[in-house]
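Here is what each chain is made of, one letter per residue.
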Amino acid sequence: MTAPSMVQETTKGQAICPYCGVGCRLLMESAHGELIRVTGVADAPANLGGICAKGATLPEVIHTPDRLMQPHVRPARGKELRPMRWADALGWAAARFREIVDRHGPDAVAFYGGGQLDSEASYLAVKLFKGSIGTNNTDSNSRLCMASAVTGYQTSLGADGPPCCYADIALSDCLVVWGSNMADAFPVTFNRVKAHLRTNPGVELIVVDPRGTNTATHATLYVPVAPGGDIPLMNAVGRLLLERGAVDHDFVAAHTEGFGAYRDFLLHADWEGLVSAAGVPEALIRALADRVARSHALLTFYCQGLNQSTVGMWKNNSLINLHLLTGQIGKPGAGPFSLTGQPNAMGGREAGLLAQALPGYRFSEDPGHRAEVEAYWGRRAGTVSTRPGLTAVEMFRALEAGRLKAIWIAGTNPGVSLPDLHQVRRALSRAELIVVQDPYHPTETTQFGDVLLPVAQWAEKSGTMTSSERLVSFSEQVVNPPGMALPDWQILARFGQAMGFSGFEFDDSGMVWDELIGLTAGRPCDMAGVTSERLRRERHLRWPCPSVDHPGTERLYLDRRFPTPGGRARFHARPHRPPRETTDHEFPLVLTTGRLYAHWHTLTRTGKSPKLLRLEPSAFVEVHPDDAAEVGLAAGQWAELSSRRGRIRLPVKINPRLSRGVLFVPFHWGDQQRENVAANYLTIAAIGRIAKQPEFKYCAVRLAPAPDAPEPAPAFAPTTRRDEPQKAVVV
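Rules used throughout
Residues numbered from 1 in each chain as written. Predicted model: local features only at pLDDT ≥ 70, side-chain atom pairs only at ≥ 80, totals over all residues. Heavy atoms only, no water. Helix = DSSP H or I, 4+ residues; strand = E, 2+ residues; numbered from the N terminus. Buried < 20%, exposed > 50% of the residue type's maximum accessible area, 1.4 Å probe, protein only. Contact = heavy atoms within 4.5 Å. Areas by Shrake-Rupley, 256 points an atom, 1.4 Å probe, with all protein chains shown as cover. Salt bridge = Lys/Arg side-chain N within 4 Å of Asp/Glu carboxyl O. Pairing = 2+ DSSP bridges. Axes fitted to C-alpha atoms, helices over the stretch in contact; angles between N-to-C directions. Expected span 1.5 Å × (residues − 1). Core = buried A, V, L, I, M, F, W, Y, C linked by side-chain atoms within 4.5 Å. Arc of directions from axis to C-beta. Phe/Tyr/Trp six-rings, centres within 6.5 Å; stacked < 30°, edge-to-face > 60°. Lys NZ or Arg CZ within 6 Å of the ring centre and 35° of its normal. Parallel < 35°, antiparallel > 145°, perpendicular 65-115°, else oblique. Nonpolar A, V, L, I, M, F, W, Y, C, P; charged D, E, K, R; others polar.

Colleague: So what about the overall build of the chain? Which residues, and what values?
Modeller: Secondary structure assignment for the chain yields 22 helices and 28 strands. Out of the 731 residues belonging to the chain, those deemed buried represent 62%. Contacts in the chain between residues at least 24 apart in sequence constitute 73% of all its contacts with a sequence separation of at least 6. Split by element, the accessible area of the chain, about 26,800 Å² in all, is 52% carbon and sulfur.

Colleague: Could you give an account of the pattern of salt bridges, naming the residues involved and the relevant values?
Modeller: Counted according to the given criterion, the structure contains 39 salt bridges. Between Glu204 and Arg291 there is a salt bridge; the shortest N-O distance is 3.5 Å. With a gap of 87 residues between them, Glu204 in strand β9 (residues 204-208) and Arg291 in helix α10 (residues 282-294) connect regions that are remote in the sequence. For Glu394, the salt bridge is made with Lys692, and the minimal N-O distance between the two is 3.1 Å. In this pair, Glu394 sits in helix α15 (residues 392-401) while Lys692 sits in the loop between β27 (662-666) and β28 (699-705), placing the two residues 298 residues apart along the sequence.

Colleague: Outline the sheet that holds strand β13 (residues 335-338), supporting the account with residue identities and numerical values.
Modeller: Pairing within the open sheet is parallel, and its 5 strands lie in the order β10-β9-β8-β12-β13. Of all strands in the sheet, those with a lone pairing partner are β10 (221-223) and β13, marking the two edges. Taking the axes of each pair of neighbouring strands and ignoring which way they run, one obtains an average angle of 15° across the sheet. Here strand β8 (residues 174-178) runs beside strand β12 (residues 298-302); their pairing, made up of 5 bridges, is parallel. Bridge assignment links Trp178 to a residue of β12, and that residue is Tyr302. α10 rests against β8, β9, β10 and β12 of the sheet, and its axis sits at about 130° to β10. Running at roughly 170° to β12, helix α12 (residues 312-326) makes contact with β8, β12 and β13 of the sheet.

Colleague: Please give an account of unusual backbone geometry that cites residues and values.
Modeller: With an omega of 5°, the peptide bond running from His441 to Pro442 counts as cis. Relative to the helices and strands, Pro442 resides in the loop between β17 (433-438) and β18 (451-454). Following Trp543, the chain continues into Pro544 via a peptide bond in cis, with omega recorded as 0°. By the element assignment, Pro544 lies in the loop between β21 (540-542) and β22 (569-570). Positive phi outside glycine occurs at Arg470, with the angle close to 65°.

Colleague: Outline the sheet that holds β18, listing residues and values.
Modeller: Read from one edge of the open sheet, 7 strands run β5-β4-β18-β17-β16-β6-β7, paired in mixed fashion. Edge strands, defined here as strands with exactly one partner in the open sheet, are β5 (82-83) and β7 (138-140). Those strands touched by helix α1 (residues 86-104) are β4 (72-73), β6 (109-113), β16 (406-410), β17 and β18, and its axis lies near 140° from that of β17.

Colleague: Summarise α12; cite the residues concerned and give the values.
Modeller: Over its 15 residues, α12 extends 22 Å from the first C-alpha to the last, a length consistent with the 21 Å expected when each residue adds 1.5 Å. Burial runs high along α12: 14 of the 15 residues are buried. Where α12 ends, the next residue or the one after it, Gly327, has phi of about 65°, a positive value.

Colleague: Can you break down the nonpolar core residue by residue, with the values?
Modeller: Phe97, Phe111, Leu124, Trp408 and Phe495 are the most contacted members of the largest nonpolar core, which totals 63 residues. Of all the elements, α1 adds the most residues to this core, at 9 residues. Contact partners of Phe495, with chain neighbours within four places excluded, come to Leu90, Ala93, Ala94, Phe97, Leu128 and Trp408. Ranked by size, the runner-up nonpolar core spans 58 residues in total, among them Leu144, Leu633, Ala686 and Leu703.

Colleague: Could you give an account of helix α8 (residues 259-267), naming the residues involved and the relevant values?
Modeller: Residues Phe259, Tyr262 and Leu266 constitute the buried set of α8. Each buried residue of α8 lies within a common arc of 65° when the element is viewed along its axis, so the set occupies one face. If you follow the buried residues of α8, they end up packed against α6 (230-243), α7 (249-255), β11 (256-257) and α12.

Colleague: I'd like a rundown of the packing of aromatic side chains, residues and numbers included.
Modeller: In this structure the tally under the stated criterion is 13 aromatic pairs. Judged by centre distance (6.2 Å) and plane angle (80°), the rings of Phe97 and Phe129 are edge-to-face. With a gap of 32 residues between them, Phe97 in helix α1 and Phe129 in helix α2 (residues 119-133) connect regions that are remote in the sequence. Judged by its relative accessible area of 0%, Phe129 is buried. Over the ring of Trp543 we find Arg470, and its NZ or CZ is 5.7 Å from the ring centre.

Colleague: An account of the pairing of β28 is needed here, citing residue identities and associated values.
Modeller: As defined by bridge partners, strand β23 (residues 589-594) adjoins β28 across 3 bridges and the pair is classed as antiparallel. Across the sheet, the residue bridging to Val590 is Ala700, located in β28.

Colleague: Please give an account of the environment of Ala628 that cites residues and values.
Modeller: If you trace the backbone, Ala628 turns up in helix α22 (residues 625-630). Residue class for Ala628 comes out buried when judged on its relative accessible area of 1%. Separated by 33 residues in the primary sequence, Ala628 and Gly661 place their C-alpha atoms 9.9 Å from one another. Not counting chain neighbours up to four residues away, the residues in contact with Ala628 comprise Val623, Leu633 and Ile654.

Colleague: Mind laying out the environment of Gly114, listing which residues take part and the relevant values?
Modeller: Inspection of the secondary structure assignment puts Gly114 in the loop between β6 and α2. Of the residues examined, Gly114 reaches a relative accessible area of 2% and is grouped as buried. Expressed as a C-alpha distance, the spacing of Gly114 and Ala345, which sit 231 residues apart in the sequence, is 7.4 Å. Residue contacts for Gly114: discarding those within four places in its chain leaves Ser140, Asn141, Leu353, Ala410, Gly411 and Thr412.

Colleague: Tell me what's going on with the packing of helix α9 (residues 271-278) against α10, and back it up with residues and numbers.
Modeller: The contact between α9 and α10 brings their axes to 10 Å, and the two run at 95°. What the angle tells us is that α9 and α10 run roughly perpendicular. Two secondary-structure elements touch here, α9 through Trp271, Val275 and Ala278 and α10 through Glu282, Ile285 and Arg286. Across the contact of α9 with α10, the residue classes break down as 4 nonpolar, no polar and 2 charged.

Colleague: Can you tell me about the pairing of strand β26 (residues 647-654), naming the residues and giving the values?
Modeller: Pairing of strand β24 (residues 621-623) with β26, which is carried by 3 bridges, proceeds in the parallel orientation. When the sheet's bridge partners are listed, Val623 is paired in β26 with Ile654. Here strand β25 (residues 638-642) runs beside β26; their pairing, made up of 5 bridges, is antiparallel. Its bridge partner being in β26, Leu641 is matched across the sheet by Ile648. Connecting β25 to the antiparallel partner β26 that follows it, the hairpin turn spans 4 residues.

Colleague: Give me the environment of Val280: which residues, what numbers.
Modeller: Considering the arrangement of structural elements, one finds Val280 in the loop between α9 and α10. Of the residues examined, Val280 reaches a relative accessible area of 3% and is grouped as buried. A sequence separation of 51 residues divides Val280 from Gly229, and the C-alpha atoms of the two residues are 8.8 Å apart. The contacts of Val280, once residues within four sequence positions are left out, are Val223, Pro224, Val225, Val275 and Ile285.

See below:
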């Protein structure tokens, strides 16, 4: 198969205005019949930048061909991107994919998506790569935020999926936020928490975090755990619950397994060692255990502080142990509630986008699961590979090593979000083919692209997503996409057809969704009753929802049966393991990263909002005042941070609510905003053995005044937003 010619056949003529659609024709030039340059308005007195005949503003963006929302292809490295028709761009990409697969085999290509893809797009990516090309190399940037939660639920409870719902907030008398700045990262949900606290003064809010965040200002008890000290703290609390008899023995005996080994492990643990590794005064640990012991409905929220670790799965297991020990699961107002960091990280998991997965919470390593999916797709036996797929960090290692030749990137910006960005940039530079499917250009990732495919955003398409509480929601298109942008699912369906595969003929997103839910029937995430027709009427339904007359399921495990072979939840005795990289005399401080209230991920969207940029105009390093004084830094000065992987320069922001020895840098900023400010030039790409989630929350760094200050530091937003906190208990 030969790639289409890149020679432009340019013609001149008129085209219907893409801004009003009728009654106004533009003088234009086209390549292959598609608009590439506008030189004037034929039917209106205004020129470009003015008003078309129907009153629509013609923005400046239409002047420049490379900024039009249409596919672009780079014919060879070092060449300029050129606009192409959809059919030609996808045909060119398909020819390159075919050539690479023929030369190197199916595992030489990969798909790296994100939790911002709707479920339809995630499903078609899996069907395309796992069910047609024959490689399990699909993964999601959910690997960077949710993989530990996924494997934690699977190993402790038998299947992925939070057992709780947001309505539980108003039914809980003790809420714990462990390893999440919920006020900033999940502000809408945290507003419900604050409302519950206001109307119920006796409710406890316990916040466990090494950084005194905006969430912590509302706490009735704040526990500044040491970075990496979560498991020993959880084990210490479990030990105290055992000693005080705060165990639901009936629940444990009837509905769990592994309790004996867990109990013996805790009772024989070195108490002083647990307290020391947790980094928390013993009195504070006892206060935490007291509140857990006397709670009637314990609801625990957790996110990246637990997940982003080489022992993130173990942290999740250890937290779930406390809920099993006290019987605080499978009842209203209680349970371990993993907060999902992206709009459709849950949907991608249901669709099988993670490397180890197949649709319907199946696994590629299971022969029966592979056979079920192959039969459903009408594929020959053996189409779904038995070889493990590459996860996010592994993909970019394989690109640099030359084992992976081509990568399709959709709905994510790894040029900012992955750890050890110097390695990521080397990997992208060495790839033979990079396809990037994104609504924005340029980004740190699209600049490496050989094929750029413009995508319709959420309001410009119809699609389906699943929230943290297993709530499946239908989002209806409300505006037309700009230019030639298409929904993600449609791009992948067209590419599947261009590759010559059957099963990619869909008229609309509803057809894709109805095919996906057929693969969930009878599975833990059963959505067989959540048909596209029903969703368009009812808008929202929680799974499991096995039939069209089923109302959906608010809470899991109310019957106290778990999807394990024996129907019992599992205790896991998890010892403390230090982070992969520890501090020393060269790099004596710990760097942790996270989100800010004003920004979302890599600034591709929020970085374009003047209001949000006024709130947080710049990256910064947050430093405890004593740590700053020790190296001669003051607020507003420029500092140099260095790790074993790189060096960045940031203005200093003083925060006395940080633990000593800990620095915080927000991860949003990348090279598009300014050179040498991206936190992930410093972070370590170490990953866990099973979850394979990177350790973003802990790496060793050095802090020093920058040799030469580039410019005055920006005026920062206050560390704490103006809000009325509840008075915290000081132990």
